[in-house]
Amino acid sequence: MNERSNKSKKDYRLEPYPKHIIINKIQTQTHFGIYNNNSIASSSSNIANNNDGNDKVTAALIDYTKNEQRNTSLLDQNNNTNQFKKCSKDYFTPRQIYLWVKVLELIVHLSKDLNEKLNNDFISNKWINHRNKIRKGLITNINEDEELLIQSYISEIHSASFKEISFSWELIQAISAIIFRHPNQVYPLWEEIKSKIVMNLDPEDEKKNCVEVIINKPILNSTMIVKNKLDELKSFRAVDERFAELWDPSIQPPKLKCPYDIMNIMDDDMIPQLEFIKENIVHPNVKPPNLLENFACACADNCQKTSVCQCMLIDDDSQDEGFPFDNDRLSRSDIGAIYECNSRCNCDMTCPNRVIQRSKKLPKKFQIFKTKEKGWGVRSLQFIKEGEFVMEHVGEVIDARIASLRAVCYDKLDTMSYFDLDYDFDKKERRKVLSLDSNYWCGISRFLNHSCNANLITIPFFVENKDKRWQRIAFFAQRDIKAFSELTLDYKIESDEFDCYCGSQYCRYTKNN
């Protein structure tokens, strides 16, 4: 790691959500065509039909596209699936994945197809090797493959009018991450290629202002039009240095301290660099909770009469079956959710309906350890009684759109880091469901493994507000847990292809072992 001052180290530490940099104030409408195995080749074919002098350019682009179809993702190559999983585990760290998806989220006109293409390129074996060669100094100057990659993105862009520039600095940053070049290197090359692109209006569609992209066909004053627009944008261009690790080899990720004990006697692996948090952080796109859903009680006896406390009576099951806690331990699991008293109530922290809040102030002792077959796991260093609160599952709260965007990358890397907050939602409300993403911002629960005979149970809970979108997740002990026992959850995965290593006599996936 390159030595830098303490101030420099602090500058490159990624904060959850600083004020976003306004990169494009002049943002034009950009539409991206459907990207599939034949889209660029088809586009190139149309270019060739309109401009016979571009045979070499077209041929190079078609050859590049065919090559990319072979290299775009090892996930599409069955014989290399295991190799890809090992490669992704060693190469794509949680921090790198997080930085990458955040770069994509900044792209204003990020379509489903463009998202797919960017992720395919970023995780392809070809560009992984390319980035490694740059790190080792084996590649210095921008090569033909890099130019063709940039050209492939430009060929996908169709602007609404030639007078408006289809430009996105955020997209430049994403391409920079793929080819591991600084955006200030990629940008001039992008504009050099784009300056050769002119719009050829189709007479039949002229009224609709439809255009086709033509390469290397000059038009009067076309370069000047581009230059004028770029001059307008100069003052708004800014490299977002939060993501500089994705394209600057001189910048290394900060060394973050893990607040938990770590044990590994299996191999030399170390846990990845993660940002451990105690409370959820919220993505800026997520709408705040409905203030009309705030709740509180007016008990005068510190809620000793649990049968009349308004907070405890929110859950229908509590009304029917009674208060679900006995001596701060969950006495039954057949409850919908827990609604704890909060800052608006008259009671204090000794209230019987503040079990989770009180328990979090006295956290239990855990250890992250390397298992024989399941990777990293979590175990308790102390005895836990049945019904005790164990931990809260924390992460980054994201909405359905961001979850869908990130899922493209996560699925390709075989990464499981979502926890859908879907208690009390039906299928029609699926788009309203929030998720907890613990890929990078996380608690120790990120390392909990699956077991078909899990010793932890999941219970949603609410504090301050009962907007069901804003539910939180608590883990309680289903039975007595001895010290140094692994803590496990039932993932409730329905896929027959799930490989389970729980070793339980109740294993539902024994046929896959």
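Residues numbered from 1 in each chain as written. Predicted model: local features only at pLDDT ≥ 70, side-chain atom pairs only at ≥ 80, totals over all residues. Heavy atoms only, no water.

Structural notes on the sheet that holds strand 10 (residues 338-340)
Strand pairing in a sheet takes place through backbone hydrogen bonds and is either antiparallel or parallel in direction.
Part 1: Judged by pairing direction, the sheet is mixed, and its four strands sit side by side in the order 10-19-20-13 without closing on themselves. On the outer flanks of this sheet lie strand 10 and strand 13 (389-393), each paired with one strand and no other. Strand after strand, the sheet turns through a mean of 35° between neighbouring axes, direction not considered. (Pairing = 2+ DSSP bridges. Helix = DSSP H or I, 4+ residues; strand = E, 2+ residues; numbered from the N terminus. Axes fitted to C-alpha atoms, helices over the stretch in contact; angles between N-to-C directions.)

Description of helix 5 (residues 94-105)
For the α-helix, the turn length of 3.6 residues means that residues three or four positions removed from each other point alike.
Part 1: With twelve residues, helix 5 should cover 16 Å at 1.5 Å per step; its first-to-last C-alpha distance of 16 Å lies within 8% of that length.
Part 2: Listed in full, the buried residues belonging to helix 5 are P94, R95, Q96, I97, Y98, L99, W100, V101, K102, V103, L104 and E105. (Expected span 1.5 Å × (residues − 1). Buried < 20%, exposed > 50% of the residue type's maximum accessible area, 1.4 Å probe, protein only.)

Some points on the packing of helix 8 (residues 144-154) against helix 10 (residues 183-194)
Part 1: The geometry of helix 8 relative to helix 10 is characterised by a closest axis approach of 10 Å and an angle of 60° between their N-to-C directions. On the basis of the axis angle, helix 8 is oblique to helix 10. As for the relative orientation of helix 8 and helix 10, their crossing is right-handed in sense. Counting all contacts with helix 8, which are made through E147, I150, Q151, Y153 and I154, the residues of helix 10 involved are V186, L189, W190, I193 and K194. (Parallel < 35°, antiparallel > 145°, perpendicular 65-115°, else oblique. Left-handed = near helix turned anticlockwise from the far one by under 90°. Contact = heavy atoms within 4.5 Å.)

Focus on helix 14 (residues 400-412)
Part 1: In this model helix 14 runs 18 Å from its N-terminal to its C-terminal C-alpha over 13 residues, within 8% of the 18 Å that 1.5 Å per residue would give.
Part 2: Maximal helix bending in helix 14 amounts to about 35°, located at R406.
Part 3: In terms of residue burial, helix 14 counts as a mostly covered element, since ten of its 13 residues are buried.
Part 4: For helix 14, the set of buried residues is A400, I402, A403, L405, R406, A407, V408, C409, Y410 and K412. (Bend = angle between axes of the 7 residues up to and from the residue.)

Structural notes on a nonpolar patch on the surface
Part 1: A cluster of nonpolar side chains, namely M263, I265 and M266, defines an oily patch on the protein surface of about 320 Å² accessible area.
Part 2: In this structure M266 comes out as partly exposed when scored by relative accessible area, which is 46%. (Patch = residues over 30% accessible without salt bridge, like charges linked within 9 Å, V, L, I, M, F, W, Y side chains within 5 Å. Areas by Shrake-Rupley, 256 points an atom, 1.4 Å probe, with all protein chains shown as cover. Salt bridge = Lys/Arg side-chain N within 4 Å of Asp/Glu carboxyl O.)

Examining the pairing of strand 13
Part 1: Of all five residues in strand 13, five are buried; the element is thus mostly enclosed.
Part 2: Across four bridges, the pairing between strand 13 and strand 20 (residues 472-477) is antiparallel. Considered in strand 20, the bridge of E392 is made with A474.

Examining the packing of aromatic side chains
Part 1: By the definition in use, this model includes 15 aromatic pairs.
Part 2: Ring plane angle 85° and centroid distance 4.7 Å describe the contact between Y91 and F92, whose orientation is recorded as edge-to-face. The pair Y91 / F92 is uniform in exposure class, with both members buried.
Part 3: Between F498 and Y509, the aromatic rings sit 5.0 Å apart at their centres with planes inclined by 75°, giving edge-to-face as the arrangement. Within this pair, whereas F498 is found in the segment after strand 21 (488-489), its partner Y509 is found in the segment after strand 21, the two being separated by eleven residues in sequence.
Part 4: Among the residues examined, F498 registers a relative accessible area of 17% and is labelled buried.
Part 5: Taken together, the ring pairs in this structure connect Y91, F92, W100 and F122 into an aromatic cluster.
Part 6: Above the ring of F369, the side-chain terminus of R379 is found at 4.1 Å from the ring centroid.
Part 7: The side chain of K468 reaches across the aromatic face of F425, ending 4.6 Å from its centre. (Phe/Tyr/Trp six-rings, centres within 6.5 Å; stacked < 30°, edge-to-face > 60°. Lys NZ or Arg CZ within 6 Å of the ring centre and 35° of its normal.)

Things to note about the pattern of salt bridges
Opposite charge on two side chains makes pairing possible when the charged atoms of those side chains draw close.
Part 1: Taken as a whole and assessed by the stated rule, the structure comprises 25 salt bridges.
Part 2: Close ionic contact of R181 with E146 constitutes a salt bridge, the shortest N to O distance being 2.7 Å. Highlighted residues: R181 in the loop between helix 9 (169-179) and helix 10 and E146 in helix 8, separated in sequence by 35 residues.
Part 3: The class of R181 is buried, set by a relative accessible area of 4%.
Part 4: Salt-bridge contacts for K364 lead to E388; the nearest nitrogen and oxygen are separated by 3.3 Å.

Geometry only, nothing functional implied.
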